[in-house]
Amino acid sequence: MLAEFNFKKPQSLGEALELMAENNNGTRVVPFAGGSNLMLEMRASGQGPDVLMDVGALQELRSITIEGDSVTVGARATVSDILEHPQMKQYAPALVQCAGVFAGQMVRNVATLAGNIGCGSPASDSIAPLLTLDAEVVLQNAGETRVVALNEFFTGYKQNVMRADELITAIRWNRPQAGTSNLFYKVGRRKGDAITVVGVAVSLQQDNGVCSGVRIAMGAVGPMVFRSKKAEAVLQGRELSKDLVYEAAKVAANETSPIDDVRATGEYRKHTVEKVVCRLLLQAAALID
Amino acid sequence: MSSQLQTGSNVKHKQVGRPLVRTDAPGKAMGKTRYAGDYVMPDMLHSVVLRSPLASATLKSLDISEAQALPGVVCIITGKDLPEGMAATDIPGQTGRKRLDTDSQILVHTRVRYHGEPMALIAAETKAIAEKARSLIKYDLEPLEGVFSTEDALKPGAPQVQGKGNIIGKHQVRKGDIDMGFAAADHIVERTYNTQFIEHAFLEPEVGLAWVNEDDVINIRVSTQVIEHFRTIAEAVGVPHNKVRIMGAMVGGGFGGKEDITVEVFLALLAKSTGRPVKMVYSREDSWFGHGKRHPYKITYRTGVTNDGKVTAVKVDIVSDSGAYVYLSPYVLMYCTLASQGPYRVDNINIDAVSVSTNNMYTSAFRGFGACQAAIAYEQQMDEVANVIGMSPVEFRRKNYIKTGETTCTGWPIESAVWTEQCVDQAMQGLGEPTKPSGPHIRIGRGVAAYQQSYGRLTWLHDTSECWVGVEMDGTVVVRSGVTDIGAGQTSALGQIAAELLGVNLDQVVIYNSDSAVTPLAGTSTASRALYMTGNACKNAAMAIRERFLTRTAKEFGVAADQVDLADNKAFVIDEPEKSMSLRELIAITATEGIHRSELVQFNAPFSDPIDPETGQGRVHPDYAYGAQAIEVAVDTETGEITVLKSVAAHDVGQCINLAAVEGQIEGGTVMGLGYALSEEMIYKDGQLMTPSFSEYLIPTSMDTPQEHKSIILESRSGLGPFGSKGIGEPALTPVAPATANAVADAIGVRVMDFPLTPEKIVNALKEAEAQS
Amino acid sequence: MSELKLITLKINGQEESLKAASNMTLLEALRELHHFEVKCGCEKGDCGACAVLVDGEAVDTCLMLSWSAQGREITTLAGLSDGENLHPLQKAFIEKGGVQCGYCTPGMIMASKSMLDKNPNPSMDDMRVGLSGNLCRCTGYTKIFEAVDCAATEIRDGGGE
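Bear in mind the structure is a predicted one, so any value in this text is a computation, not a measurement.

**Digging into the overall build of chain A**
Here is step 1 of the chain: When its secondary structure is counted, chain A shows eleven helices and 14 strands.
Here is step 2 of the chain: On C-alpha atoms alone, chain A measures out to a radius of gyration of 19 Å, which is about the 19 Å that the 2.2 N^0.38 rule sets for 289 residues.
Here is step 3 of the chain: Taking the principal axes of the C-alpha coordinates as reference, chain A spans close to 60 × 45 × 30 Å.
Here is step 4 of the chain: Relative to its full complement of 289 residues, chain A shows a buried share of 57%.
Here is step 5 of the chain: In chain A, once contacts between residues fewer than 6 apart in sequence are set aside, the share between residues at least 24 apart is 59%.
Here is step 6 of the chain: The averaged location of the 31 negative side-chain charges in chain A is 6 Å from the averaged location of its 29 positive side-chain charges.

**With respect to the sheet that holds strand β14 (residues 226-227) of chain A**
Residues and elements named next belong to chain A.
Here is step 1 of the chain: Spatial strand order, β11-β12-β13-β14: four strands in an open sheet with antiparallel pairing. The open sheet has two edge strands with one neighbour each: β11 (180-188) and β14.
Here is step 2 of the chain: Direction of pairing for β11 relative to strand β12 (residues 196-207): antiparallel, over a ladder of nine bridges. When the bridges of β12 are listed, Phe 184 appears paired with Ala 201.

**A few points about helix α12 (residues 420-430) of chain B**
Here is step 1 of the chain: Of all the positions in α12(B), only Thr420(B), Cys423(B), Val424(B), Gln426(B), Ala427(B) and Gly430(B) are classed as buried.
Here is step 2 of the chain: Directly after α12(B), the chain includes Gly432(B), whose backbone phi takes a positive value near 70 degrees.

**Some details on the nonpolar core**
Here is step 1 of the chain: Residues Ile318(B), Phe396(B), Val469(B), Val477(B) and Val479(B) are the most contacted members of the largest nonpolar core, which totals 111 residues.
Here is step 2 of the chain: With twelve residues, the single largest contributor to this core is helix α14 (residues 530-557) of chain B.
Here is step 3 of the chain: If we ignore the near neighbours within four places in the chain, the residues touching Val477(B) are Val469(B), Gly470(B), Val471(B), Ala498(B), Leu502(B), Val504(B), Gln508(B), Val509(B) and Val510(B).
Here is step 4 of the chain: By size, the runner-up hydrophobic cluster in this structure holds 98 residues, among which are Phe255(B), Val354(B), Ala92(C) and Ile144(C).

**Some thoughts on the interface of chain A and chain C**
Here is step 1 of the chain: Each partner contributes to the interface: chain A provides 31 residues, whereas chain C provides 32 residues.
Here is step 2 of the chain: Counting each side, the surface lost to burial between chain A and chain C is near 2400 Å², with a carbon and sulfur contribution of 52%.
Here is step 3 of the chain: Its largest share of buried area at the contact with chain C, chain A owes to Phe7(A), Gln105(A) and Met106(A), together 27% of the area lost on that side.
Here is step 4 of the chain: Put simply, chain A and chain C have three salt bridges between them.
Here is step 5 of the chain: Glu57(C) is the salt-bridge partner of Arg62(A), the closest N and O atoms lying 3.5 Å from each other.
Here is step 6 of the chain: The interface formed by chain A and chain C contains 13 residue pairs in polar contact (both at pLDDT 80 or more).
Here is step 7 of the chain: Those elements giving two or more residues to the side of chain A that touches chain C turn out to be β1 (6-8), α2 (38-45), β3 (51-54), α3 (79-84) and α6 (105-108) of chain A.
Here is step 8 of the chain: Broken down by element, the side of chain A that touches chain C gets its largest block of residues, four residues, from α6(A).
Here is step 9 of the chain: The residue inventory of the side of chain A that touches chain C, partitioned by class, reads twelve nonpolar, ten polar and nine charged.

**Some thoughts on the sheet that holds strand β20 (residues 464-471) of chain B**
Residues and elements named next belong to chain B.
Here is step 1 of the chain: As summarised here, the arrangement of the four strands in space is β22-β21-β20-β26, forming an open sheet in which the pairing is mixed. Since the sheet does not close on itself, it has two edges, and those belong to β22 (509-513) and β26 (598-604), each with one partner. The sheet shows a mean angle of 20 degrees between the axes of neighbouring strands, direction not considered.
Here is step 2 of the chain: Sheet topology places β20 next to β26; seven bridges connect them, and they run antiparallel. Of the residues in β26, the one forming a bridge with Ser 465 is Phe 603.

**Some remarks on the pattern of salt bridges**
Residue and element names in this part refer to chain B.
Here is step 1 of the chain: All chains considered together, the criterion is met by 67 salt bridges over all chains.
Here is step 2 of the chain: For Asp 568, the salt bridge identified is with Lys 14, shortest N-O distance 3.8 Å. You can see Asp 568 sitting in the loop between β23 (564-567) and β24 (570-573) and its partner Lys 14 sitting in the loop between β1 (2-7) and α1 (25-30), a full 554 residues away along the chain.
Here is step 3 of the chain: Taking relative accessible area as the criterion, Asp 568 reaches 49% and is therefore assigned partly exposed.

**Some details on the interface of chain C and chain B**
Here is step 1 of the chain: At the junction of the two partners, chain C supplies 47 residues and chain B supplies 59 residues.
Here is step 2 of the chain: When the two sides are added together, the surface that chain C and chain B hide from each other amounts to roughly 4000 Å², 61% of it contributed by carbon and sulfur.
Here is step 3 of the chain: When the buried surface of chain C facing chain B is broken down by residue, Gln100(C), Arg128(C) and Arg137(C) rank first, second and third, together holding 21% of it.
Here is step 4 of the chain: Applying the counting rule to chain C against chain B returns seven salt bridges.

**Some details on the packing of aromatic side chains**
Here is step 1 of the chain: Evaluated as defined, the whole model comprises 15 aromatic pairs over all chains.
Here is step 2 of the chain: Here the aromatic rings of Tyr35(B) and Tyr103(C) are separated by 5.5 Å at their centres, their planes lie at 85 degrees, and the arrangement is edge-to-face. Of the two residues, Tyr35(B) sits in the loop between α1 and β2 (45-51) while Tyr103(C) sits in the loop between α2 (88-95) and α3 (105-118), which places them in two different chains. Each member of the pair Tyr35(B) and Tyr103(C) is classed as buried.
Here is step 3 of the chain: Relative to Phe755(B), the ring of Tyr676(B) has its centre 6.0 Å away and its plane inclined at 85 degrees; by these criteria the two rings are edge-to-face. Taken together, the residues Tyr676(B) in helix α16 (residues 659-678) and Phe755(B) in the loop between α17 (736-748) and α18 (759-772) connect sequence positions 79 residues apart.
Here is step 4 of the chain: For Phe755(B), a relative accessible area of 3% translates into the label buried.

Rules and cut-offs
- Note on numbering: residues in each chain are counted from 1, in written sequence order.
- Just so you know, chain letters begin at A and ligand numbers begin at 1, following the order they were written in.
- Two thresholds apply to this predicted model, a pLDDT of at least 70 for residue-level local features and 80 or more for giving and counting side-chain atom pairs, whereas whole-chain, interface and lining totals are computed over all residues.
- Excluding hydrogens and water, the side-chain values take into account all heavy atoms of the structure.
- The helix and strand labels rest on DSSP assignments: H or I over at least four residues marks a helix, E over at least two residues marks a strand, and numbering proceeds from the N terminus.
- The quantity called the radius of gyration is restricted to C-alpha atoms. Its globule counterpart is 2.2 Å times the number of residues to the power 0.38.
- Each residue gets one of three labels from its accessible area relative to the maximum for its type: buried under 20%, exposed over 50%, partly exposed in between, using a 1.4 Å probe on protein chains only.
- The contact definition used throughout considers only heavy atoms, calling two residues in contact when any of these lie within 4.5 Å.
- His residues and chain termini do not enter the charge count, which takes Lys and Arg as positive and Asp and Glu as negative.
- Charged side chains are reduced to one point each, which is NZ for Lys, CZ for Arg, CG for Asp and CD for Glu.
- Two strands qualify as a pair provided that DSSP identifies no fewer than 2 bridges between them.
- Here, nonpolar core refers to any group of buried Ala, Val, Leu, Ile, Met, Phe, Trp, Tyr and Cys residues whose side-chain atoms link them within 4.5 Å.
- Buried area is a sum: the accessible area each of two parts loses on coming together, probed at 1.4 Å, counted once for each and added.
- A pairing counts as a salt bridge when a side-chain nitrogen of Lys or Arg comes within 4 Å of a carboxyl oxygen of Asp or Glu.
- Polar contacts here mean pairs of N or O atoms no more than 3.5 Å apart (in protein, one a potential hydrogen donor and the other a potential acceptor; neighbouring residues in sequence count only if both atoms are side-chain atoms).
- Basically, the charged four are Asp, Glu, Lys and Arg, the nonpolar ten are Ala, Val, Leu, Ile, Met, Phe, Trp, Tyr, Cys and Pro, and anything else, Gly included, counts as polar.
- Between the N-to-C directions of two axes lies an angle of 0 to 180 degrees, each axis being a line fitted to C-alpha atoms and, for a helix, fitted only over the stretch in contact.
- The rule is short: rings of Phe, Tyr and Trp, with Trp giving its six-membered ring, pair when the centres are within 6.5 Å, and they are stacked under 30 degrees, edge-to-face over 60, tilted in between.

Next comes the structure, spelled out in C-alpha cells:
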C-alpha cells in the first residue's frame with residue numbers, strides 16, 4: 001500500500017523553496033520528480049513524508065544548457081533527455097553510455113539525474129559517470145545558492161551534505177578536454193533493465209603516453225558511489241602501460257568494500273570491479289592489442 | 001529472425017497451417033479485450049489476503065476487532081471460521097476419483113507452513129479500506145523450527161511438514177539389467193545436476209470476481225487455466241457441484257501457474273458470506289505467494305558407455321522439493337521420472353525418484369511439468385559423457401537416438417514419427433559459421449539439446465474433451481468449448497479447424513469458451529493438450545456436420561459424396577466446379593429438410609490402467625513430441641557475463657495449425673528457456689522469499705534475447721492431434737536451457753552444475769579450473 | 001486516510017473527473033475510470049504493462065500520481081485508434097503475431113509509439129533498448145520487433161500515421 005501524504009505542486013521555484021523551508025519547522029517536505037525511487041520506497045515502507053512536493057510544474061528546471069565548454073542540466077531533465085541530446089555524446093560520453101543501459105524507457109522518461117543524486121543509492125548508475133566529469137551539484141534554498149562538488153557531496157550510505165531545506169536545482173560540468181577518453185560499463189544480472197552489480201566509469205587524458213588526468217569512479221561496491229583516488233594517483237603523471245593499469249585496477253579494487261546481496265557476493269564484485277576498471281582503462285589508453 | 005517450414009507430404013489445406021491472424025489478436029491490440037480483472041459490478045466489494053510473514057510458525061492468536069471496526073470493512077474471514085476448511089488440490093480429472101491426499105488448508109488454523117500462507121480474508125467497500133484493515137489485524141506468531149532443504153527434510157528427526165518422513169511422492173522404473181549394462185561399459189560417468197525454484201511470471205497477476213445469483217449459484221469470473229475447478233471449489237465451500245459456475249476470460253499468461261486454484265475459494269467464501277459481488281486482485285507481491293513455483297530438482301545420472309559411444313546402462317536418482325503443500329508435486333515427479341530417459345534408447349535403466357516436503361514455498365505445475373528438469377540433466381549428461389569418450393556431442397547422440405517404433409523406458413512403443421536426428425542436425429546446421437570472439441576475454445561456445453516430451457495427460461487419468469460446433473443460417477459458424485485461452489491461441493486454433501472443414505473463412509467463426517455452465521467441458525489448458533484434445537473434439541464435431549453437408553451436396557448434383565467438397569463458402573463437385581452452390585443455399589436446403597447442422601463431440605484420449613508401481617512399465621502418455629535446440633553464446637571470462645548470440649530451434653510439430661502461433665510458441669519458449677538457464681531464480685533463505693520483485697526475479701527483457709533466432713518447423717503429420725499435429729507449448733521450452741548450458745560449458749571448458757548460470761558462478765568455475773590446472 | 005479531491009484528467013482528448021486520494025496513482029485512476037486497456041503488472045515500474053503516453057512520452061502510470069497528471073495529455077492504447085481505423089503499430093502487432101496473451105500489449109505498443117515518435121527508423125539495437133522496460137513472457141519479443149519494424153516502415157512510407 002502506498003504511503004499517505006499531503007500533495008503540493010508549486011508553480012515556481014520560489015514557491016518550491018518556500019515549501020522546502022518548512023523542513024526547518026518540523027514538517028518533512030520531500031521533492032518528487034520521476035518517482036522511480038520514491039514511489040517504491042513509499043510502497044515498501046508504507047511511510048511517506050508530511051508533504052510530497054511535485055516539482056513537475058517547474059519548467060525552468062527541465063532545461064539542458066550548453067555554454068561553451070560548460071553544460072548545466074536542470075534538476076528535472078530526465079535520463080531520456082540526456083540520451084537524446086545531440087551534443088551530449090561530446091559533453092558526457094560515459095553518461096550517455098550509462099543512460100543507454102539505465103532502467104527501461106518509461107523510467108528513463110521520468111527519472112532525473114538530480115533524483116539519482118538526491119537518493120544516493122550506491123547502485124545508482126549515473127553517479128559514477130558524473131564523478132568522472134568532476135560534476136558539481138547546485139543547491140538552493142530560499143536564501144542562497146551554493147555549489148558542491150559531487151565528489152564531496154556524499155558522506156555515507158544515502159547520506160549527503162544537503163541541508164534539510166535545500167533543493168538540487170541543477171548539475172553542471174565541463175566537457176572533457178580534447179583527447180580525453182570517458183567510458184562507462186555496467187555489469188548486471190541481465191542485460192536489460194538491470195540493477196547494477198558493478199558499475200564503473202573512467203576518464204583518462206594522456207599527453208604523449210603520459211597520464212595527464214584520470215578519474216576512476218565505481219558503483220555498487222561500497223556504501224556510496226566513489227572515486228578511487230589511490231588508483232588515480234597510481235596513474236597520474238606516469239607513463240601508461242599495461243602493467244601500470246593492472247596495478248591501478250588492483251588498487252581500485254582494494255578500495256572497495258562491497259556487500260553480499262541477492263545479486264552477487266562481495267567477493268564477486270571485488271573481482272569484477274578490478275577487471276572492469278582494468279578493461280576500461282586499457283580501452284581509454286588504447287592499450288588493447 | 002527467420003523461420004522455415006518443412007512438410008512431410010503434399011497435403012493441401014485452405015486454413016490449417018497458414019500464419020493467419022488469430023481471432024483474439026485485434027481485440028487485444030485495440031485494448032478492447034476484457035480480462036478477468038476488467039469486470040466490475042454494482043455494489044462490488046474489494047478484498048485482500050493477510051499472509052504470514054514467517055515460513056514456519058504457530059498462530060497463537062489473531063485479533064480482528066480493530067480491523068472489523070474500521071468503517072467500510074464488511075467481512076473478515078479467518079481459519080476459525082472454517083472448521084473444516086480444507087481445499088483439495090488433486091489433479092482435476094474426469095474420472096471423479098480422488099487419488100492422493102493433497103488437501104491444504106484454505107486459511108491457517110494454527111500451523112503456518114510457508115512464507116506467505118494466507119491467514120485471513122478481508123472484504124471492504126474500497127481496496128484502500130481493505131488494505132488498511134489488513135494492517136490493523138493483530139496476530140501472534142510463534143516461530144517453529146522449520147526445514148528448508150530436501151537433505152535436511154530427509155534426516156531422521158527432521159521437523160515434519162507433509163507425508164511420512166516428509167516424503168510425498170515416489171516413483172521408480174526398472175527396465176533391463178543395469179548391473180549387466182554397467183559391466184559392459186568401458187566408462188561410467190556420474191554427475192549431479194541441480195535446478196532452482198522458478199516463477200511463472202505471467203504478466204497478469206491472479207484475479208477474480210465472484211457473486212451469488214438468484215439461484216444461489218456462486219459465479220466466479222477468474223483468470224484460470226482450469227474452469228473445472230468448480231467441483232473442488234464447491235466442495236471446499238460446502239455447496240453442490242452445480243452451484244458453482246466458473247467463467248474464464250482471456251488469460252494474461254498461465255504457463256502452469258494458473259493450473260491450481262488461486263483466488264476462487266477465497267472469492268466464493270467472501271461472496272457467500274456477504275451476499276455481494278466481491279473482487280480480488282492480487283498484487284505482484286501476492287502473486288509470488290499465490291501459486292506454486294517450479295520445483296528445484298537434484299538429479300544424478302550414472303551412465304555406462306562403450307568406447308564407440310553406445311549407452312549400456314543408466315541409473316537416475318531424482319529428488320525434488322515439493323515445498324510446504326503437495327499440490328501437483330507427485331505428478332510432476334512422475335513426469336520427470338518418465339522423461340529422464342530422454343530421446344535415447346536405453347535398454348537397461350533404473351530410475352528412483354522422490355519428492356520431499358519442506359517449509360519452502362510450495363511447488364506445482366510449470367510449463368514442461370518435470371520434463372524440463374529431466375532434460376536439463378540428461379542433455380548435460382550426454383555432453384559430459386561425449387566429452388569423456390572424446391566424441392562430438394552430436395555424433396554421440398546419433399549413436400543412441402530412440403527410433404520410431406522403439407519403446408520408452410516404460411516399455412511402451414512410440415507410434416508417431418521420431419525425428420530427433422533431423423531436428424538435431426538441422427538445428428546445428430542452422431547456427432552457420434561460428435561467430436568470431438569480439439575480444440581477448442571472450443570465448444564462443446555452442447551447444448545442442450534434444451528431447452522427448454509427452455503431450456496430453458497421463459493415460460490412466462482418462463482424459464476427455466468436448467466441443468460443440470454449429471453452422472448458422474447465413475453460413476457463419478459457432479464453436480462452443482470450455483477450453484481456456486491462455487494466450488497461445490487455443491480458441492483461434494479451434495476456429496481454424498472448423499473453418500477448414502466447413503469451407504468458410506476464419507473471420508466467419510465465433511468461438512465461445514471457458515464457461516463451466518454453458519460451454520461443453522474441454523478439460524484443462526495444460527500438458528500441451530488443448531490442441532490435441534479439444535482440437536480433435538472440434539475437428540470431429542465439424543467433420544460430422546461436414547459429412548452431412550457433403551452427402552446432401554452429392555445428392556443435389558447426382559454424384560458420390562467423395563466427389564464433392566466445401567471451400568470458399570461453396571459446395572461443389574471437385575472435378576466439375578461449375579456444379580456448385582453457395583454454402584447459404586446448401587444450409588437452406590438442410591434447414592428445410594431438418595438435417596442437423598450442429599454437433600457435440602467428446603474426444604477420448606487413449607485410456608490405460610496405471611503403470612506397475614514396482615517396475616514403472618506400461619502405457620503412460622498418449623504420444624510424444626521430438627525436436628532440438630542449438631545455441632551459440634559468448635562468455636566474458638573476466639566478468640562471467642553471457643551473451644546469447646544465436647538460437648536455432650527445430651521441432652517436429654506434426655502439423656502446424658497456425659504457423660505464426662507455432663513460431664510464437666517456439667520464440668517465447670526459447671526466451672523463457674534462456675531465463676531458466678541464465679538469470680531466473682526465486683531465492684528462499686530459511687523459507688523467506690528474497691526476490692519479491694521483477695527487479696530481483698529476472699525474466700529476460702528485449703535486450704536479453706538472442707541476437708539471431710531461427711525456427712525450423714518440421715511436419716511429420718504423425719501426431720495424435722487434428723491433422724496429425726503434436727503439442728508444441730511445452731516442447732518449445734524443454735531443450736533451451738540444457739542447450740544453453742552445453743554452449744556455456746563448450747565456451748569455457750568447465751561445467752557449472754547448478755542452475756542458473758550466473759556471472760558469478762562462471763567466474764568461480766573458471767577460477768577453480770585454473771587452480772586445478 | 002489521505003486527502004480526497006475531485007481531479008480532472010485529459011484522457012484520449014476527453015476530460016474525465018474522479019475523486020482521488022493524494023496517494024492514488026495514475027494507474028489506479030485510469031482503471032477507476034474504466035480505462036481497462038491500461039494493465040497493472042507490478043506497481044513498481046519494473047514491467048511496463050501500465051505504460052501510457054503523457055504529453056507524448058511513455059511513462060509507467062504506477063510511478064505517477066494521479067494528481068500530478070492533471071493538465072497533461074494522457075493517451076492510452078484505446079486512444080491510438082480512430083474507431084476501426086487502427087494505428088500502424090496496432091495493425092502490425094495483429095498481423096505479425098506480436099500479440100499472444102495480450103497483457104503486455106497495451107504498454108508494449110505505447111512504448112513502441114513513444115520510441116518511434118523520437119526515432120522513426122530504429123535499428124534492431126534501438127528497439128531492444130527502447131522496449132527493455134516492457135516485460136513480455138509469451139512472445140520472446142521476436143514478433144514484437146518484427147511488428148515495430150513493420151509499423152515504422154509503414155509510418156515512414158505513408159508519410160504519417
